[in-house]
Amino acid sequence: MDLEKKAYALRRQTLQMVYRAKSGHIGGDFSIMEILTLLYNEVMRVAPDRMEDPDRDRFVLSKGHTADALYAVLADRGFFDSKELESFSQCGTRLIGHPNNKVPGIEMDSGSLGHGLAVSVGMAIAGKMDHRDYRVYTVMGDGELAEGSVWEAAMCAAQYKLDNLCAVVDRNRLQISGTTDQVMSTAGLGDRWSSFGWSVIEVEDGNSIPQLRAAFAKAAQTKGKPTLLIADTVKGKGVSFMENQVGWHHRIPTEQEYEQAMAELSERGLEENG
């Protein structure tokens, strides 16, 4: 399966959703697309017919405002009909702006920043207590790390040696009010998590499927401690005028911008495949 090509196709799908709904967080959607694509298509043991399986892997999107991207990935994997994506963020839909556990494939409602890691720690502890071999994955934003509850959860995960837990920081260095350095610096991030007792893997290109694949494989082999992947990503990845622009944290493209973005994503998808 060509996951690079799929990630760009899913970006197009997500852009269509956001443009249609006039709501969404397109910059962060695009920065995590390779992470979600790889997790759901290759890394995690999860499928539409396994959601009642107690040994399925668990996923929590802690940065829940990027639910747009997650819905697109879930629909692509067959958790629900992709036609339903047209209802995203519309009145009466279950595809609301943050993950909703009424949607097949969603383990928990999320989006109150700082909660996702704590819930994931609970899931991982439950797995250990029940002698299950499932793994728990969560994706956090780098701006989210300013929440104190993240660090309480980090201490707990190390205390209980949760080697069945893998957290990912989407380090795109931008949040709604500016750069992370301006708002709350994340300098020395790897050393901070290491000091809390975690195994840390830094992914130089967090939008690279091969680099992410190697990092997740290494995380699965780590014993006796939880693992954090620090994925250096690009906010707005794939669209020239969106990349590394804080304004695209929560903005809807104009018709002209939409058409240009769709064209660029199509072209980039072809380039990724030679």
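Shown above is the structure to which this text applies.
Here is a short report on the structure shown in this document. (Residues numbered from 1 in each chain as written. Predicted model: local features only at pLDDT ≥ 70, side-chain atom pairs only at ≥ 80, totals over all residues. Heavy atoms only, no water.)

Considerations on the pairing of strand β3 (residues 165-171)
For step 1, the next point in the chain: For β3, a buried count of seven out of seven residues is recorded, marking the element as mostly surrounded by other parts of the structure.
For step 2, the next point in the chain: The two faces of β3 match: Leu165, Ala167, Val169 and Arg171 on one face and Cys166, Val168 and Asp170 on the other face are all buried.
For step 3, the next point in the chain: Both strand β2 (residues 136-141) and β3 contribute to a ladder of six bridges, which runs parallel. The residue bridging Val136 from the neighbouring strand is Leu165, located in β3.
For step 4, the next point in the chain: Following the backbone out of β2, through helix α6 (residues 148-159) and into the adjacent parallel β3, one traces a crossover that is right-handed.
For step 5, the next point in the chain: Where β3 lies against strand β7 (residues 227-232), six bridges are found, and the strand directions are parallel. Of the residues in β7, the one forming a bridge with Val168 is Leu229. (Buried < 20%, exposed > 50% of the residue type's maximum accessible area, 1.4 Å probe, protein only. Helix = DSSP H or I, 4+ residues; strand = E, 2+ residues; numbered from the N terminus. Pairing = 2+ DSSP bridges. Right-handed = clockwise from strand over helix to strand, strands pointing away.)

Notes on the environment of Tyr137
For step 1, the next point in the chain: Looking at the secondary structure, you find Tyr137 in strand β2.
For step 2, the next point in the chain: Tyr137 sits 100 residues away from Thr37 along the chain, and the two C-alpha atoms are 13 Å apart.
For step 3, the next point in the chain: Other than its neighbours up to four places away in sequence, Tyr137 contacts Leu39, Val43, Met44, Asp57, Arg58, Phe59, Val60, Ser120, Cys166 and Phe216. (Contact = heavy atoms within 4.5 Å.)

Focus: the sheet that holds strand β6 (residues 199-203)
For step 1, the next point in the chain: Pairing is parallel across the open sheet formed by five strands, whose spatial order is β1-β2-β3-β7-β6. Each end of this open sheet is capped by a strand with a single partner; those strands are β1 (58-61) and β6. Shown here is a sheet whose adjacent strand axes are inclined to one another by a mean of 15 degrees, direction ignored. (Axes fitted to C-alpha atoms, helices over the stretch in contact; angles between N-to-C directions.)

Observations regarding the side chain of Arg11
For step 1, the next point in the chain: Along the chain, Arg11 turns up in helix α1 (residues 3-21).
For step 2, the next point in the chain: With residues up to four places along the chain from it excluded, the contact list for Arg11 reads Phe30, Met33, Glu34, Asn207, Lys237 and Leu265.

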